[in-house]
Amino acid sequence: MSERKPDGFVDITDVVCPITFVKTKVALEELEKGQILQIKLNEGEPIQNVPRSLKNEKHKIINLENNNDGTYTIEVIKEGLAED
Amino acid sequence: MNFTNAQLERYSRHIILEDIGVKGQEKLLNGKVLIIGTGGLGAPAALYLGAAGIGTIGLVDGDTVDLSNLQRQVIHSSQDVGKAKVISGKESINAINEDVNVITYQERATADNIKDIIRDQDYDFILDGTDNFPVKFLINDACVMLKKPFSHAGIIRFQGQTMTYVPGKGPCYRCIFKNPPPPDVVPTCQQAGVLGVMGGVIGTIQATEAIKYITDVGNLLTGYLLTYDAKKLEFRKVKLAGDKNCAVCGENPTIKKLIDYEIAACSIADSKKIG
């Protein structure tokens, strides 16, 4: 993953939409702008939708890793101003 | 504050809104709204504000639930007939959401008690859900004097209107309407009738204003009067100017003490019977 250590972590593999994004937002609230949140999420609907919702709220995805066990790990900079 | 998993789920549709989010929901849970009158307007407003997770809701009403209320006052049920409206209202709100601390004031708002009621919990926002002009002016004057924002509204027959007052941000109710009409010149909804759904439309707009004020989202209905004609299904938003000579909020206010205007005799008699 990135050379910077994440400042926070949230596992949203135990919940479904929309609680996936709700828990992600709660975890982001704990961080300052510019800090990195690491998120573990399921393949399928969560990996389709959570990154898109994060981008809509101006957070920047900097890493995406397939854990090859049905889950992904992504890293996002709080309000890093999304761009693609 | 820490949300429980149940709260995250309950408020998830708020939290995923970019303009509300976790912080906005926290503001709602810390918010305090006073609803004066739990009738046609106050009933839907109280239900939605309770569901939204407003942490403290005050209910002011001296009446008991009457069978004739149930056509529009959706917070009360058939089994509540005869029960104090504030108690019935509290039970309905808490049946939806136990997070809400409902404070009940089982009395009619008057010049003697209204300031104490508003100060009791230092309410953030006040909703006028009353059905008569004297109390509407009383609520306006008390809110101007205590520098509290409030939502005015009225409904009759197929028509409704609402405006929002925020201290220093636009006209008050008295800037526009000056004085109550003489008793009995204007019918109350007890005499004129009202389509039950009118309170749902207008009361829900009042609740929306309370939520927007507390979360600081969007633009409030300050400086405007919104009118609704259900027969034509027409909304009009009329721009209003403040009156620097207003007797209560103007540059040299002449009203410095609250006034209990005379309530139309029939309206008191009716309210004893009809509620």
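Cut-off values and rules
Residues numbered from 1 in each chain as written. Chains lettered and ligands numbered in written order. Predicted model: local features only at pLDDT ≥ 70, side-chain atom pairs only at ≥ 80, totals over all residues. Heavy atoms only, no water. Helix = DSSP H or I, 4+ residues; strand = E, 2+ residues; numbered from the N terminus. Buried < 20%, exposed > 50% of the residue type's maximum accessible area, 1.4 Å probe, protein only. Areas by Shrake-Rupley, 256 points an atom, 1.4 Å probe, with all protein chains shown as cover. Contact = heavy atoms within 4.5 Å. Buried area = accessible area lost by both parts, 1.4 Å probe. Salt bridge = Lys/Arg side-chain N within 4 Å of Asp/Glu carboxyl O. Polar contact = N/O pair within 3.5 Å; in protein donor to acceptor, adjacent residues only side chain to side chain. Pairing = 2+ DSSP bridges. Axes fitted to C-alpha atoms, helices over the stretch in contact; angles between N-to-C directions. Expected span 1.5 Å × (residues − 1). Phe/Tyr/Trp six-rings, centres within 6.5 Å; stacked < 30°, edge-to-face > 60°.

## Regarding the overall build of chain B
Phase 1 of the analysis: Secondary structure assignment for chain B yields 11 helices and 8 strands.
Phase 2 of the analysis: Overall, chain B is about 55 × 45 × 40 Å in size when its C-alpha atoms are taken along their principal axes.
Phase 3 of the analysis: For chain B, with 275 residues in total, the buried portion stands at 52%.
Phase 4 of the analysis: For chain B, the computed accessible surface area is about 12,500 Å², with 50% contributed by carbon and sulfur atoms.

## Section: the side chain of T38 of chain B
Phase 1 of the analysis: With respect to the helices and strands, the residue T38 of chain B is situated in the loop between β1 (32-36) and α4 (42-52).
Phase 2 of the analysis: Those residues in contact with T38 of chain B, other than ones at most four positions away along the chain, are A43, L59, V60, D61, Q73, I75, H76 and K85 of chain B.

## With respect to the interface of chain B and chain A
Phase 1 of the analysis: Facing 11 residues of chain B, the contacting portion of chain A comprises 10 residues.
Phase 2 of the analysis: Roughly 970 Å² is buried in total at the junction of chain B and chain A, and carbon and sulfur atoms are behind 68% of that figure.
Phase 3 of the analysis: Note that E29 of chain A and K23 of chain B form a salt bridge whose closest N and O atoms lie 3.4 Å from each other.
Phase 4 of the analysis: At the surface where chain B touches chain A, the tally comes to 3 residue pairs in polar contact (both at pLDDT 80 or more).
Phase 5 of the analysis: Looking at the side of chain B that touches chain A, the elements with two or more residues in it are α1 (5-10), α2 (12-15) and α3 (21-29) of chain B.

## Overview of the sheet that holds strand β1 (residues 8-11) of chain A
Residues and elements named next belong to chain A.
Phase 1 of the analysis: The mixed open sheet is built from 4 strands, whose spatial order is β1-β2-β4-β3. Sheet topology places β1 and β3 (60-66) at the edges, where each strand pairs with a single neighbour. Shown here is a sheet whose adjacent strand axes are inclined to one another by a mean of 20 degrees, direction ignored.
Phase 2 of the analysis: Examined bridge by bridge, strand β2 (residues 36-42) and strand β4 (residues 71-77) share 7 bridges and lie antiparallel to one another. If you follow I36 over to β4, its bridge partner there is I77.
Phase 3 of the analysis: Against the sheet, helix α2 (residues 45-56) engages β2, β3 and β4, with an angle of about 155 degrees to β2.

## Regarding helix α10 (residues 197-215) of chain B
Residue and element names in this part refer to chain B.
Phase 1 of the analysis: In this model α10 runs 27 Å from its N-terminal to its C-terminal C-alpha over 19 residues, within 8% of the 27 Å that 1.5 Å per residue would give.
Phase 2 of the analysis: Three or more residues of α10 are buried, namely M198, G199, I202, G203, Q206, A207, E209, A210, I211, K212, I214 and T215.
Phase 3 of the analysis: Phi turns positive, to about 60 degrees, at D216, one or two residues after α10.

## Quick look at the packing of aromatic side chains
To describe a pair of aromatic rings, one takes the distance between the centres and the angle between the planes.
All names here are of chain B.
Phase 1 of the analysis: The full count for this structure, using the stated rule, is 6 aromatic pairs over all chains.
Phase 2 of the analysis: Taken together, a centroid distance of 6.2 Å and an interplanar angle of 70 degrees make the contact between F137 and Y261 edge-to-face. Here Y261 lies in the loop between β8 (234-239) and α11 (265-274) and F137 lies in helix α7 (residues 133-145), a separation of 124 residues in the sequence.
Phase 3 of the analysis: When its relative accessible area of 22% is taken as the criterion, Y261 is described as partly exposed.
Phase 4 of the analysis: Judged by centre distance (4.9 Å) and plane angle (45 degrees), the rings of Y173 and F177 are tilted. Taken together, the residues span about one helical turn, with Y173 and F177 both in helix α8 (residues 173-177) at a distance of 4 residues.
Phase 5 of the analysis: The exposure class of Y173 is buried, given its relative accessible area of 1%.
Phase 6 of the analysis: One aromatic cluster is present, built from ring pairs that chain together F137, Y173, F177 and Y261.

## Looking at the sheet that holds β8 of chain B
Residues and elements named next belong to chain B.
Phase 1 of the analysis: Read from one edge of the open sheet, 8 strands run β3-β2-β1-β4-β5-β6-β7-β8, paired in mixed fashion. If you trace the sheet from one side to the other, it starts and ends with β3 (101-105) and β8, each paired once. Taken over all neighbouring pairs, the strand axes of this sheet differ in orientation by 15 degrees on average, direction set aside.
Phase 2 of the analysis: In this structure, β1 lies alongside strand β4 (residues 125-128), joined through 4 bridges in parallel fashion. Paired with I36 across the two strands is D128, which belongs to β4.
Phase 3 of the analysis: Together, β1, β2 (56-60) and β4 form the strand contacts of α4, whose direction differs from that of β1 by roughly 165 degrees.
Phase 4 of the analysis: Lying over the sheet, helix α5 (residues 85-96) contacts β2 and β3, oriented at roughly 175 degrees with respect to β3.

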